[in-house]
Amino acid sequence: MDFHLTKEQLLVRKMYREFAENEVKPLAAEIDEEERFPMETVEKMAKLGMMGIYFPKEYGGAGGDVLSYAMCVEELAKVCGTTAVIVSAHTSLCCAPIFENGTEEQKMKYLAPCCSGEQTVSFAFTEPETGSDPKMLKTRLEKQADGTYKLNGVKRFISNAGYDGPCVLFALQKDEESGKDLVTGLVIDKFCEGYSISSPWEKIGYRGSEVYDIFLDDVKVTEDQILGKPGDGFTQLLGTTAYGKLGFTAVFVGTALGAADIALKYCQEKLHRGKSITKFPTTQLRLSTMLTYAHTAELLLLEAADYCDHNHFAGDDIPTMRAVQARTAQAKGYAAETATKVATMAVNAMGAYGVCDEYQAERFLRDAAVAPNIEGSGDIQYLIHGMYVAANGNTN
């Protein structure tokens, strides 16, 4: 990979960084404390094209690349994990499957309003009984005599489910010829007849990014709401989660770097006998260790994002999907570990001040605690990468 960013990439990174510092950071503590969705920030980001960075302009996107998207999420996460999670889930988990698998009519109907910020999209896969196992889904899509479908089931931990917009959803459907259960992807409108939600789950971190249970009771689905062909859902999930892992890798890298920045600033300002504690070798060692972990994770993120830009997949291109997934899984597994390590070290570097709300390090530690447990557990990410390497060789 050529690690020299283009002029355009440098400009947008500067814009993302300034936006994060000036518009996102001042609200971060409030958003966390009140556990509220920062709608005012989302509206501002939409005007700057940040809600659809790598989608074409004809669908309301910014026409950028995946690397720019990763840098955007990272910069946001350095100051506010909630805002970064919202952009990440909205883009690579929710909008991406519509862009990759939808018809032209579906893209114009669903993708354009989401990229422009008019609507907030959700992604509904995980379930209470089966977690994220596509072969064990309980949500079912059943064809009716009039050619429509009925959708019934429960989805768990669904981001943005309480806000108007489309919801990309996966359900089991019985194949009419073979009689086998196959996974089908579809898009419904949130708050349609038969759609309801729970209260938001209370979480330790990323608290303004609300997640809900979705209840589906005889929701009517028409043929034009099916993504791709019936039974294509497993392949669609593979592609979607490959991109989803990249977005959350950027969140975790930003969380680590943000925690390290807080600790560095504290150590520079904290005096002992009239001198900054950065003069002490133990402080220098801790700062270097934090930044080494964080920058290593950042390099894995940038490499994976660059690989996505140069290895686009569509349809049933399983080999490319697997190659992308291996790289994003490796990056996510390491970044999740790194976020927890660095945030813990940052709090410890600040002593008693590290656990006080006023200094904000504890917020990053709470956010980091979530990292190994969303968008696939940390251990599973290494297994995904390891299985690919065992079968295909090193991903470098």
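Whatever comes next refers back to the structure up there.
In every chain, residue numbers begin from 1 and rise along the written sequence. Note on the predicted model: pLDDT of at least 70 is required for a residue's local features to be given, and 80 or more for side-chain atom pairs to be given and counted; whole-chain, interface and lining totals, by contrast, use all residues. As a convention, hydrogens and water are excluded, and side-chain values are obtained from all of the structure's heavy atoms.

J.: Sorry if this is basic, but what is going on with the overall build of the protein here?
T.: Numbering of helices and strands starts at the N terminus; helices are DSSP runs of H or I of at least 4 residues and strands are runs of E of at least 2. Secondary structure summary: the protein contains 10 helices and 10 strands in total. Radius of gyration means the value over C-alpha atoms here, while the globule rule gives 2.2 Å times the residue count to the 0.38 power. Its C-alpha radius of gyration of 21 Å places the protein within 12% of the 21 Å reference for a compact globule of 396 residues. Once the C-alpha set of the protein is aligned to its principal axes, its extents read approximately 80 × 45 × 40 Å. When accessible area is computed with a 1.4 Å probe and restricted to protein chains, residues below 20% of their type maximum are described as buried, those above 50% as exposed, and intermediate ones as partly exposed. The burial tally for the protein puts 53% of its 396 residues in the buried class. In the protein, of all internal contacts separated by at least 6 residues, the share reaching a separation of at least 24 is 73%. Residue exposure ignores everything except the shown protein chains as possible cover, and the areas themselves are Shrake-Rupley values with a 1.4 Å probe. Carbon and sulfur atoms form 52% of the exposed surface of the protein, whose accessible area is close to 17,400 Å². Only four residue types enter the charge count: Lys and Arg as positive, Asp and Glu as negative, with His and the chain ends excluded. Note on charges: their place is set at NZ of Lys, CZ of Arg, CG of Asp or CD of Glu. In the protein, the 39 positive side-chain charges and the 55 negative ones have mean positions that sit 6 Å from each other. In this description, contact between two residues means that some pair of their heavy atoms is separated by no more than 4.5 Å.

J.: Any chance you could explain the pattern of salt bridges here in plain terms?
T.: Pairing between side chains of opposite charge can happen when their charged atoms approach one another. Note on definitions: salt bridges are taken to be side-chain nitrogens of Lys or Arg within 4 Å of carboxyl oxygens of Asp or Glu. Under the counting rule described, the total for this entry stands at 18 salt bridges. Between Arg17 and Glu75 there is a salt bridge, with its nearest N and O atoms 2.9 Å apart. Of this pair, Arg17 sits in helix H1 (residues 7-34) while Glu75 sits in helix H3 (residues 66-77), placing them 58 residues apart in sequence. The residue Lys229 makes a salt bridge to Asp232 at a minimum N-O spacing of 3.6 Å. Taking relative accessible area as the criterion, Lys229 reaches 54% and is therefore assigned exposed. Among the charged side chains, a salt-bridge network with shared partners connects Asp32, Glu35, Arg207, Glu362 and Arg366.

J.: Looking at this structure, I do not really get empty space enclosed by the protein. What am I missing?
T.: Regions of empty space are outlined by a rolling probe, equal in size to a water molecule, passed over the atoms. Using only the protein atoms, space was sampled on a 1 Å grid; points where a 1.4 Å probe fits but cannot get out form cavities, open sets with protein on both sides within 12 Å along at least five of seven lines form pockets, and lining residues are those with an atom within 4 Å of a point. Grid points are joined across faces, edges and corners, and a volume is the space filled by probe spheres set on the points. Scanning the model with the defined rule gives two cavities of 30 Å³ or more in all. A volume near 30 Å³ is recorded for the second largest cavity. Lining the second largest cavity, in full, are Ala28, Ile31, Asp32, Cys80, Gly81, Thr82, Tyr206, Arg363 and Asp367. Contributions of two or more residues to the lining of the second largest cavity are made by H1, helix H4 (81-101) and helix H9 (361-370).

J.: For this particular structure, what's the right way to read the packing of H4 against helix H5 (residues 104-115)?
T.: To characterise two packed helices, one gives the angle between the axes of the helices and the distance between these axes. Running from amino to carboxyl end, H4 crosses H5 at an angle of 155 degrees, the nearest separation of the two axes being 9 Å. Regarding the angle of H4 to H5, the classification is roughly antiparallel. Pair H4 / H5 crosses with left-handed handedness. Contacts between H4 and H5 pair His90, Cys95, Ile98, Phe99 and Asn101 from the former with Gln106, Lys107, Tyr110, Leu111, Cys114 and Cys115 from the latter. Ten residue types, Ala, Val, Leu, Ile, Met, Phe, Trp, Tyr, Cys and Pro, are classed as nonpolar, four, Asp, Glu, Lys and Arg, as charged, and the remainder, Gly among them, as polar. The class makeup of the residues in the contact of H4 with H5 is seven nonpolar, three polar and one charged. Here an axis means a line fitted to C-alpha atoms, over the contact stretch when the element is a helix, while the angle between two N-to-C directions is reported on a 0 to 180 degree scale. Orientation is classified from the angle alone, with under 35 degrees giving roughly parallel, over 145 giving roughly antiparallel, 65 to 115 giving roughly perpendicular, and any other angle giving oblique. The sense of a crossing depends on the near helix, which, turned anticlockwise from the far helix by less than a right angle, makes the crossing left-handed and, turned clockwise, makes it right-handed.

J.: What's the story with the pairing of strand S3 (residues 149-159) in this structure? I'm lost.
T.: Two faces, one strand: in a regular strand the side chains alternate between the faces of the sheet. Pairing between strand S2 (residues 140-143) and S3: four bridges, direction antiparallel. Paired with Arg140 across the two strands is Asn152, which belongs to S3. In textbook terms, the turn of a hairpin is the stretch between consecutive antiparallel strands, and for S2 and S3 this stretch comprises five residues, one of which, Gly147, has a positive phi near 95 degrees. In this analysis, strands are considered paired if DSSP registers two or more bridges between them. Summarising the sheet, S3 and strand S7 (residues 211-221) pair through eight bridges and their orientation is antiparallel. Residue pairing in the sheet places Val154 in a bridge with Phe215 of S7.

J.: Any chance you could explain helix H2 (residues 39-47) here in plain terms?
T.: At 3.6 residues per turn, the α-helix brings residues three or four places apart onto the same side. Thr41, Val42, Met45 and Ala46 are the residues of H2 that are buried. Projected down its long axis, H2 shows its buried positions confined to an angular sector of 140 degrees, all on one face. If you follow the buried residues of H2, they end up packed against H1, H3 and H4. Taken from the residues just after H2, Gly49 is the one with a positive phi, measuring 80 degrees. Along the arc lie the directions from the helix axis toward the C-beta atoms.

J.: Would you mind going over the nonpolar core with me for this structure?
T.: Take the buried residues of types Ala, Val, Leu, Ile, Met, Phe, Trp, Tyr and Cys, join any two whose side-chain atoms come within 4.5 Å, and each joined set is a nonpolar core. Of all hydrophobic cores here, the largest spans 100 residues; its most connected members are Met45, Leu76, Phe123, Val251, Phe252 and Met290. When residues in this core are grouped by element, the largest group, 18 residues, is from helix H6 (residues 233-269). The next biggest cluster of nonpolar side chains, apart from the first, holds 18 residues, and it includes Cys167, Leu169, Tyr212 and Ile226.

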